[in-house]
Amino acid sequence: MPDLSTRRRFLVLAICCLSLLIVGLETTVLNVALPSLQQDLGASVSGLQWALDSYTLVLSSLLMLSGSTGDRIGRRRTFQTGLAIFVLASLLCSLAPNLGWLIAFRMLQGVGASMLNPVALSIVTNTFPDRQERARAIGVWSAVVGVSIALGPILGGFLVETVGWRWIFIINIPIGLLAIGLTALFVPESKAARARRIDPVGQLLVVLTLATLVYAIIEVPHRGWSSPLVVGLLVVAAVSAVSLVLYEKRRAEPLLDVRFFRSAQFSGATLIAVCAFAAFSGCLFVNTLYLQNDLDLTPFRAGLYLLPMAVVVMVLAPISGRMVASYGTRPSLVLGGLGMTAGTLTLTFVDPSQSLAVLFLAYGLFGVGFGMLNAPITATAVSGMPPSQAGLAAAVTSTSRQVGTAIGVAVVGSVYTARLGSVPDAVSRVDAAHAGFWVVAGCAALALVVGWGSSGAWARRSAERAAARLTTDLSPPVPPVTDRPDGATAPAVR
């Protein structure tokens, strides 16, 4: 990438952050519109789950493929293509005549979004060659995640209440078009010196595993565990997952390098990412229904009620990053797990007759936990990894976050549906919300336990051994020495 002026570098950063903002908003902004979707499109709870998960499923499935595609054909080209697909899909979502078409167009949105985040981060990394400037740029990038979380419910609530839920998608169109134009003007093209090979079989197995697993979880409350469809989906998911591992182990440049999981730190970070984001997405899902259906709040007021949680996340995320740099990952992981667990346990006791102070206390505790957890996840994943593999390790954890988001909505929504019953009333809705919060608390508690275990001395030794083996596996073979006087081949010495 050519040397750019300081002004142009920060313009590139702003463009990339703009893309991150609209992608992040789509993960949270639709939550407050769920009751409106129920009324306008006649959607069931499982339909609402698919309206959310169709986007995150596709996004999580294609993240690693899109990152390698940008490295191969050009990051700016891939980024602009992703923006164009995202804008088109947003337009189609705003015109969707029914829930089925909305889900299909949300999947198309996920395709476009998958080309934005990993590619934009690569553009930012290559635009800022100076180490300190790059660190500050990535810090700004990370803060935008908190902004999107904070802005999503409020913006969504305002749009739903004033002009309707379809404007949640319409607002993406001018922002996306602006980003396409600015990218053409200011973002230089760049490619990797040596791009990874495309892995179509591995990609297909990832999609098949995630799609069938989430589909089965969503259908369980309606069909039961003994349903041929549910059993068949779970069998396909299990066979696909095993096939993925066996296939990727034989590839020189796998889509998912299973050798990473020899590191307890990496395995722990992946599981923490899944659990934390499953808890976050599940908590948002149930809270949206609780605030609007049980407390009778308008969409905008429901978004405002979630503001304390989002603000705490936004404030604590950079503080957690500094704590990781100074004290390691364990303090942030433990505080994060404790905060999320305490917050959701508190939510299991809320009901419409209680003081709102209990609800806001729960939101604050949950926000403290989630704000502390995000930073150490990536740090734990890449800790000890060879520099050449750190980017791929971070990509796997980014994928794990999106997988957790999809699974959280699927699992918590299914538990909510099962407890709701066929004829919902005020009592059954509160009972269903409490059941959902108990599942979220379980995810948070698991993140706490895994965070403690994956940040100790044993886990660090495991990461060091895994990194050493990876370095050996990735080192080019040394040719044998054949100049001994007797003509024999001497062993090579590294």
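Everything below is about the structure printed above this text.
Residues numbered from 1 in each chain as written. Predicted model: local features only at pLDDT ≥ 70, side-chain atom pairs only at ≥ 80, totals over all residues. Heavy atoms only, no water.

### Examining the packing of helix α1 (residues 6-28) against helix α3 (residues 45-73)
For step 1, the next point in the chain: Look at α1 against α3: their axes get within 9 Å of each other, and the N-to-C directions meet at 135°. Looking at the two axes, α1 sits oblique to α3. Here α1 runs over α3; the crossing is left-handed. Contacts from Val23, Glu26 and Thr27 of α1 reach α3 at Tyr55, Thr56 and Leu59.
For step 2, the next point in the chain: Broken down by class, the residue content of the contact of α1 with α3 amounts to 3 nonpolar, 2 polar and 1 charged. (Axes fitted to C-alpha atoms, helices over the stretch in contact; angles between N-to-C directions. Helix = DSSP H or I, 4+ residues; strand = E, 2+ residues; numbered from the N terminus. Parallel < 35°, antiparallel > 145°, perpendicular 65-115°, else oblique. Left-handed = near helix turned anticlockwise from the far one by under 90°. Contact = heavy atoms within 4.5 Å. Nonpolar A, V, L, I, M, F, W, Y, C, P; charged D, E, K, R; others polar.)

### Let's talk about a nonpolar patch on the surface
For step 1, the next point in the chain: A cluster of nonpolar side chains, Val147, Leu151, Val311, Met314, Val315 and Ile319, forms an exposed patch at the surface whose accessible area comes to about 390 Å².
For step 2, the next point in the chain: Looking at the nonpolar patch, the elements with two or more residues in it are α7 (131-162) and α14 (307-327).
For step 3, the next point in the chain: Tallying contributions element by element places α14 first for the nonpolar patch, with 4 residues.
For step 4, the next point in the chain: Tracing the backbone shows valine 147 in helix α7.
For step 5, the next point in the chain: A residue is classified by how much of its surface remains accessible, and valine 147, at 32% relative accessible area, is partly exposed. (Patch = residues over 30% accessible without salt bridge, like charges linked within 9 Å, V, L, I, M, F, W, Y side chains within 5 Å. Areas by Shrake-Rupley, 256 points an atom, 1.4 Å probe, with all protein chains shown as cover. Salt bridge = Lys/Arg side-chain N within 4 Å of Asp/Glu carboxyl O. Buried < 20%, exposed > 50% of the residue type's maximum accessible area, 1.4 Å probe, protein only.)

### Considerations on the packing of aromatic side chains
For step 1, the next point in the chain: For the structure shown, the criterion picks out 10 aromatic pairs.
For step 2, the next point in the chain: When the centroid spacing of 5.7 Å and the interplanar angle of 75° are considered together, the rings of tryptophan 50 and tyrosine 215 count as edge-to-face. Of this pair, tryptophan 50 sits in helix α3 while tyrosine 215 sits in helix α10 (residues 200-223), and the two are 165 residues apart along the sequence.
For step 3, the next point in the chain: Between phenylalanine 261 and phenylalanine 266, the aromatic rings sit 5.1 Å apart at their centres with planes inclined by 75°, giving edge-to-face as the arrangement.
For step 4, the next point in the chain: Look at phenylalanine 266 and you get buried, because its relative accessible area is 0%.
For step 5, the next point in the chain: Within the aromatic cluster, the residues linked to one another by ring pairs are Phe260, Phe261 and Phe266.
For step 6, the next point in the chain: The ring of tryptophan 452 has arginine 330 lying over it, and the distance from NZ or CZ to the ring centre is 3.8 Å. (Phe/Tyr/Trp six-rings, centres within 6.5 Å; stacked < 30°, edge-to-face > 60°. Lys NZ or Arg CZ within 6 Å of the ring centre and 35° of its normal.)

### Overview of the nonpolar core
For step 1, the next point in the chain: Leu37, Leu102, Phe285, Leu291, Leu359 and Phe366 are the most contacted members of the largest nonpolar core, which has 118 residues in total.
For step 2, the next point in the chain: Here the element with the most residues in this core is helix α12 (residues 264-294); it accounts for 17 residues.
For step 3, the next point in the chain: The residues touching leucine 37, leaving out its near neighbours within four places in the chain, are Leu30, Gly42, Ala43, Leu48, Ala51, Leu102 and Trp165. (Core = buried A, V, L, I, M, F, W, Y, C linked by side-chain atoms within 4.5 Å.)

### Considering empty space enclosed by the protein
For step 1, the next point in the chain: Inspection of the entire model under this criterion finds 2 cavities of 30 Å³ or more.
For step 2, the next point in the chain: Empty space within the largest cavity amounts to approximately 80 Å³.
For step 3, the next point in the chain: Looking at the lining of the largest cavity, the elements with two or more residues in it are α1, α3, α12 and α17 (387-420).
For step 4, the next point in the chain: No other element matches α3, which puts 4 residues into the lining of the largest cavity.
For step 5, the next point in the chain: Along the lines of polarity and charge, the residues of the lining of the largest cavity split into 5 nonpolar, 5 polar and 3 charged. (1 Å grid on protein atoms, 1.4 Å probe; cavity = no way out; pocket = protein on both sides within 12 Å on 5 of 7 lines; lining within 4 Å. Points joined across faces, edges and corners; volume = space filled by probe spheres on them.)

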